[in-house]
Amino acid sequence: MSSEYSKTTDAFRCDECGEEMAVPLFCDHCGTNYPERRAMGPFTVLGLAARFDHDPQTFESRELTLAARLHPDKWQSEGERTHKRAQLAWSAVNEALAKTQDPFARAETLLSDTEACEEKATVPQMFLIEQLELQEELETPVATERRKTLNRSIRKELKELERQLAGHFEIIDATALAGTAAGEGRLMALKAASTVVHMSRYWRNAQRALRGAAAQSRN
Amino acid sequence: MQIQLKVKGQSEDVVVGIDLGTTNSLVARIIEGKPAIVTDRHGRSITPSVISIDEEGHAVVGDEAKTRAMMNPSGTITSVKRFMGRGLGDITDVAHLPYKIVRADLGEQAAILVHGKKYLPQELSAMVLTEAKKRAERAQNLRIRRAVITVPAYFDDSQRQATRDAGRIAGIDVLRIINEPTAAALAYGLDKAKRGTVLVYDLGGGTFDVSLLKLTDGVFKVIATTGNTRLGGDDFDNVVSSLLTSELTNEQRAALEGSPQALSLLKTAAEAAKITLSSEDETTVSLSLPIGVQIQKTITRGDYEVSIKPLVDKTMRAVEFVLEEADLDPEDVTEVVCVGGSTRTPAVRQRLASEFGRPPHTKLDPDQVVALGAAIQAGILSGDGESDAVLLDVTPLSLGIETYGGGVTKLIWRNSPVPIRATEGFTTQVDDQTAVAIHVLQGEREMAKDLRSLGRFTLRGIPPMSAGMPRVLVEFFIDANGILKVTAKEMTSGTKASIDVKPTFGLTDEQVEDMILDSIENAEEDVEAHMLADKKAEAESMLRYSRKAMKEHGNAVPEAIRASVLAAIAGLEKVLEGTDKEAIEVASDVLNENTAPIASAMMDEVLRVTVHGRTIGEVLGGQGPRTKASEIALSEDSQE
């Protein structure tokens, strides 16, 4: 866990006890918390490099290792104040995971820190028409079989978008430190990535609508 | 049989897990590192969640209440869990109930009318908790102050709060509210393979949950959960009741519905028949109802299974849904765990076996597994147990706020891991507006009117500014219990806006306090709560005294002392909102210390008056007046 830090960011040490911290927000040795650091980016909170290319396993194993040390249940008998701090720190870990674990959320987080955030993403017109038709279909109850088919195809579409995103971020991540010198290639990749993220939102909304329909048909 | 070696009369302080069930409640604790159900002096492990209240308002709880059901049908309350945190409009199946549901005097929640008196579900649940607690305490010479209490995973915020409040009213410090299926997984996880995906199918007396968990080296992570808080064994009983009464005429039916006693008899017979049909192929029920109706009917298991199929189908749709939500297929599930008495129904087990291609785990008693898991969690939280497990749970429902036009903005999505926080900015719509109303909702639908109203919050104390200028940041925090806390801050001026909470289907903290005090009057032995109440009363009188002293004699002391007294008053006022006895004690001491100079100044003044202008030093001879006066003040205090 500390090796990941040393590769990416400086390790955080607790001001109180001097021990190395699992996350910058909360010392799991002495219980001191650092609320002012809560504004840190989600990658920093998790001690991961701010890049797109992460093995999905990384987030899972990170969550588990952190849980074993930081989870508020581990601090319940250490007094109410410490327990409360641990709750806040752990909720910050949960928030950070929500912003990084899912590839589209991760892309969005990374893009919001770049020059691309100013630009409005435009999605292909054919795609929009397709989405409008889907939305229309989802306005009325959907039969179970059809729901399953739709779910499967949405999953497939999202997988494809994820693949494209990885390609765009290969360029973005590689040029992250090059600044303006990276030029046209980087800008195009940023724009393409924004478009993909935008398209993923349509699919996610459709997925939610489908699940919402399923949730209602159950009761 | 446990043999306890300890001094007679000295009770052992333990932290327990309590399964507060729709039909039965159980207490479990860690003994020698392993969870065990606590039995009472008669060897009973189960406290029926039944309350019987007589005409004078005296209540009995548990087995005794169950036996009284026949004599006192309209005063015997079962399945109170179904009404926890619910409004009158939520309760639909009133026809089957032998007692009356009315609107409570507090808020919009439902209350139960017994012999002309209204009882809140929280109060009735507190009675069940108290009984279960007492039984365990007496049998094993224990003292139970702290507990983990379980709730269905699909319980919303109001239902969770109601459960916690019931615990508080029963004089229990509720360490944590945990989800029943998660508790069950924890109980099973003790001797399980280290990694895997577990589906917990929990069909209890009145609620149904299905949770999907990922187990990795002692971390139990809930991936998705769903359920139905109005589906359970009670519904299976109702199916049998319908089978039994299928041949009644309309007049007989009307007579039946008008007779609590007949309904109660029918329910008991139906439950017995249901249980028989889990092991036998058919059962014959002979029933003589006090409305002049004889029922003689044979029900085969086949008939029964056909009739419950719609209910079982409903649960299987939830199973499918939870898999879909987690993006998993049935083949990905490595273990299926059955929880709740209703999973004894062979038809349920068969359906699960065919869906997942393997028989579900039923090794642990489905009635006990939740309490055992709660005891393990209690051990983890108190640091007493052996278990090193960590539970990562989720919120079952999305949380949102009402927007202009009756829409909703979702702030936290369902199946988000808890604790979790979301912040949202608010502003004013007219110039000099000093308050903003926020309506908090829970659920999956798109319009506010279709969602569960959790409460209305009013942000006050916004400094007057032009419309749109104030930036109020509201923080919604769902804690590990799945319970929401809301705080607010005005960012432009830095003032902390205050929040008034009006729970839609629950009680405010003050109302809970009142009920705690009420219950103390009725239960003398509740020493701990008594001590808290005493400390509070003491602190309150000290507050009154200090405020008065500040008003009348504040000018006699320097500004710095006045400021420290005011701070100490504010500090005590703050802790008095809670129930932390130690904190109240500490804050009382601080106030006491800080008011000493005023007491001394007051003494000076009094003495100056009585001895005609001479200082206290002169009167007492030689010693510094302040010192002496504060000694007097101190010795007065120490007389208590």
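## Overview of the overall build of chain A
Helix and strand counts for chain A stand at 8 helices and 0 strands. Mapped in sequence order, the helices and strands of chain A form the string α-α-α-α-α-α-α-α. Taken across its 219 residues, chain A has 30% of its residues classed as buried. At a minimum sequence separation of 6, the contacts of chain A that also span at least 24 residues come to 61%.

## Digging into the packing of helix H5 (residues 233–244) of chain B against helix H7 (residues 260–279) of chain B
Residues and elements named next belong to chain B. For the pair H5 and H7, interaxial distance at closest approach is 8 Å and the crossing angle is 105°. In terms of their interaxial angle, H5 and H7 are classed as roughly perpendicular. Taken together, the residues of H7 that come into contact with H5 (itself represented by Phe 236, Asp 237, Val 240, Ser 241 and Leu 244) are Leu 266, Lys 267, Ala 269, Ala 270, Glu 271, Ala 273 and Lys 274.

## Observations regarding the interface of chain A and chain B
At the junction of the two partners, chain A supplies 21 residues and chain B supplies 26 residues. Among the secondary structure elements, those contributing two or more residues to the side of chain A that touches chain B are helix H3 (56–70), helix H4 (80–100) and helix H8 (183–218) of chain A. In terms of residue count, H4 of chain A provides more of the side of chain A that touches chain B than any other element does, 6 residues in total.

## What to know about the confidence of the model for chain A
Residues and elements named next belong to chain A. Per-residue pLDDT for chain A has a mean of 84; in total, 86% of the residues score no lower than 70. Mean pLDDT across the secondary structure elements of chain A bottoms out at helix H1 (residues 2–8), with 43, and peaks at helix H5 (residues 103–111), with 94. Across residues 1–8, confidence stays below pLDDT 50; counting only partners more than four residues off in sequence or on other chains, it has 13 contacts.

## What about the environment of Ala 92 of chain A?
Residue and element names in this part refer to chain A. When you line up the elements, Ala 92 lands in helix H4. For the pair Ala 92 and Arg 38, spaced 54 residues apart in the sequence, the C-alpha separation amounts to 7.2 Å. The contact partners of Ala 92, leaving out residues within four places of it in the chain, are Leu 25, Arg 38 and Val 45.

## Focus on helix H13 (residues 559–576) of chain B
Residues and elements named next belong to chain B. Between its terminal C-alpha atoms H13 stretches 26 Å, which fits the 26 Å expected from 18 residues at 1.5 Å a residue. All of the buried residues along H13 are Val 565, Ala 568, Ile 569 and Leu 572. Along H13, the residues classed as buried sweep out an arc of 105° about the axis, all on the same side. Opposite the packed face of H13, turned more than 90 degrees from it, sit the exposed residues Glu 559, Ala 560, Ala 563, Ala 570 and Lys 574.

## Considering the domain arrangement of chain B
Frequently, the measure chosen for interface size is the accessible area that the parts lose on association. All names here are of chain B. According to the domain assignment, chain B contains domain 1 (12–231 + 335–390), domain 2 (233–307), domain 3 (399–508) and domain 4 (526–638). In this assembly, 20 residues from domain 1 lie in contact with 14 residues from domain 3. Of all the elements in the fold, those that place two or more residues in the side of domain 1 that touches domain 3 are helix H3 (157–169), strand E12 (173–179) and strand E15 (219–228). With 7 residues, the top contributor of residues to the side of domain 1 that touches domain 3 is H3. By residue class, the composition of the side of domain 1 that touches domain 3 is 4 nonpolar, 8 polar and 8 charged.

## Brief notes about the sheet that holds strand E18 (residues 335–339) of chain B
Residue and element names in this part refer to chain B. Strand order in the open sheet formed by 5 strands is E18-E13-E14-E15-E19, and the pairing between neighbours is mixed. The open sheet has two edge strands with one neighbour each: E18 and strand E19 (390–392). Within this sheet the neighbouring strands show an average axis-to-axis angle of 25°, counted without direction. Here 5 bridges tie strand E13 (residues 195–203) to E18, and the two strands are oriented parallel to one another. By the bridge assignment for E18, Asp 202 is matched with Val 339.

## Some details on the sheet that holds strand E10 (residues 117–119) of chain B
Residue and element names in this part refer to chain B. Taken in spatial order, the 3 strands make up an open sheet running E8-E9-E10, and their pairing is antiparallel. Strands with a single pairing partner mark the edges of an open sheet, and in this sheet they are strand E8 (100–103) and E10. If you compare each strand with its neighbour and ignore which way they point, the axes differ by 45° on average. In this structure, E8 lies alongside strand E9 (residues 110–114), joined through 4 bridges in antiparallel fashion. Bridged to Ile 101 within E9 is Ile 112.

## Looking at the nonpolar core
Counting 164 residues, the largest nonpolar core has Val 23 and Val 93 of chain A together with Val 16 and Tyr 201 of chain B as the members making the most contacts within it. Look past the residues within four positions of Val 93 of chain A in its chain and what remains in contact with it is Val 23, Val 45, Leu 46, Leu 66 and Leu 70 of chain A. Of all hydrophobic cores here, the second largest spans 13 residues; its members include Leu 110, Leu 111, Leu 165 and Ala 193 of chain A.

Rules used throughout
- Every residue gets a number counted from 1 within its own chain, in the order that chain's sequence is written.
- The lettering of chains begins at A and the numbering of ligands begins at 1, in the order of writing.
- It should be noted that, the model being predicted, local features are given only for residues of pLDDT at least 70 and side-chain atom pairs only at 80 or more, the latter also being counted only at that level, while totals for whole chains, interfaces and linings use all residues.
- Numbered from the N terminus, helices here are DSSP runs of H or I no shorter than four residues, and strands are runs of E no shorter than two.
- Note on burial: count the other C-beta atoms lying within 10 Å of the residue's C-beta; 20 or more is buried, 12 or fewer is exposed, in between is partly exposed, and C-beta positions come from the backbone.
- Throughout, a residue-residue contact means that the two C-beta atoms, derived from backbone geometry, are no farther apart than 7 Å.
- Every angle, taken between N-to-C directions, lies between 0 and 180 degrees, and every axis is a line fitted to C-alpha atoms, over only the stretch in contact when it is a helix.
- If an angle is under 35 degrees, it is roughly parallel; if it is over 145, roughly antiparallel; if it lies from 65 to 115, roughly perpendicular; otherwise it is oblique.
- Per-residue confidence from the prediction method is given by pLDDT, with values spanning 0 to 100.
- Given the number of residues in a helix, its expected span is that number minus one, multiplied by 1.5 Å.
- Note that the arc is defined by the directions from the helix axis to the C-beta atoms.
- Residue ranges assigned to the domains are those given by an automatic or database domain assignment.
- Three classes are used, and their members are as follows: Ala, Val, Leu, Ile, Met, Phe, Trp, Tyr, Cys and Pro are nonpolar, Asp, Glu, Lys and Arg are charged, and the others, Gly among them, are polar.
- By the convention used here, strands pair only if DSSP detects at least 2 bridges between them.
- Core membership is restricted to buried Ala, Val, Leu, Ile, Met, Phe, Trp, Tyr and Cys residues, and these are joined into a nonpolar core through C-beta atoms within 7 Å.

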